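Secondary and tertiary structure notes
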Amino acid sequence: KMKEEKRPYAAVRESADVVYTYPFSSENKNMTTVIRSENKYTAYSKGSPEKILAQCNRAVIGNEILPLTDELQSEIENQIEAFQNEAYRVLGLCHKEFEEAYDYETQRSEVDSNMIFDGFVGITDPIREEVYDAVRKCQSAGINLKILTGDNIVTARAIAKKLGIVTDNSLILEARDIDGLSDKELEDIVPNIRVIARSTPIIKM
């Protein structure tokens, strides 16, 4: 087991018998890869923690696999939010094993369900000092700054606060909050929008 754990990830990836891959997209918010090993298959999924949790009905806790109850999910979500409040980007991880192959072209929802939550990682990407300087220069020139990001709204809010672009009147939204707005409705609130989280390429355009 120790030798397996010390293998470089690239070697593990190259030696895997990959059957199918669902690539990440801003709409699906996860990526899933199906691996074949002898007579069974394993689907590994990674993505936004809320999407990954929604795919799971069990969770690895210590050395046990336990039902993902509402209470346990709330505890996990609280831990995730604590990282997001510190401006970490959080990536959720899950998997499941099965013996019969799916029709992968049409059965993604079946592949991405009833999975086991394995945990999450918090990735820190510190804001470079020159970004603070650029923000100050823009603000002194009267430029209205906004953040459009694929990040979770909690992480995006934390970053915006660190950069000092949020005021008492600021709107911090998710892309879905403005999806249904008319051009006029959007135009009315644009001056107060400071953050649009979970932004898609279309929203950015």
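Let me begin by describing the structure that accompanies this report. (Residues numbered from 1 in each chain as written. Predicted model: local features only at pLDDT ≥ 70, side-chain atom pairs only at ≥ 80, totals over all residues. Heavy atoms only, no water.)

**Brief notes about helix α4 (residues 70–84)**
- Helix length check: α4 (15 residues) gives 21 Å between terminal C-alpha atoms against 21 Å at 1.5 Å per residue, within 8%.
- Turning to α4, its buried residues are Leu 72, Ile 76, Ile 80 and Gln 84. One face of α4 carries all of its buried residues, which in axial projection span an arc of 120°. In α4, the exposed positions that point more than 90 degrees away from the buried face belong to Asp 70, Glu 71 and Asn 78. (Helix = DSSP H or I, 4+ residues; strand = E, 2+ residues; numbered from the N terminus. Expected span 1.5 Å × (residues − 1). Buried < 20%, exposed > 50% of the residue type's maximum accessible area, 1.4 Å probe, protein only. Arc of directions from axis to C-beta.)

**Focus: the nonpolar core**
- Core analysis: the biggest nonpolar cluster contains 19 residues, and Val 34, Cys 56, Leu 68, Ile 76, Tyr 104 and Phe 117 have the highest contact counts within it.
- Elements that contribute at least two residues to this core include exactly β3 (40–47), α3 (49–54), β4 (56–61), α4, β6 (89–98) and β7 (115–123).
- Apart from the residues lying within four places of it in its own chain, the contact partners of Tyr 104 are Val 19, Tyr 20, Tyr 22, Val 34, Tyr 41, Phe 98 and Val 111.
- In this structure, Ile 147, Leu 163, Ile 172 and Val 195 belong to the second largest nonpolar core, which totals 14 residues. (Core = buried A, V, L, I, M, F, W, Y, C linked by side-chain atoms within 4.5 Å. Contact = heavy atoms within 4.5 Å.)

**A short note on the pairing of β3**
- Pairing of strand β2 (residues 30–37) with β3, which is carried by eight bridges, proceeds in the antiparallel orientation. What sits directly across from Ser 37, in β3, is Lys 40.
- The turn linking β2 back onto β3 is made up of two residues, and Glu 38 within it adopts a positive phi angle of 55°.
- Relative to β6, β3 runs antiparallel, the two sharing seven bridges. Bridging from a neighbouring strand, Tyr 44 pairs with His 95 of β6. (Pairing = 2+ DSSP bridges.)

**Here's the deal with the sheet that holds strand β9 (residues 171–174)**
- Across the sheet, which stays open at both edges, the three strands sit in the order β8-β10-β9 with parallel pairing between neighbours. What marks the edges here is a single partner per strand, and that holds for β8 (147–148) and β9.
- One ladder, built from four bridges, connects β9 with strand β10 (residues 193–197); its direction is parallel. From the neighbouring strand, Leu 173 faces β10, where its bridge partner is Ile 196.

**Here we look at the environment of Leu 53**
- Looking at the element boundaries, Leu 53 is found in helix α3.
- A C-alpha to C-alpha distance of 34 Å links Leu 53 and Tyr 132, two positions 79 residues apart in sequence.

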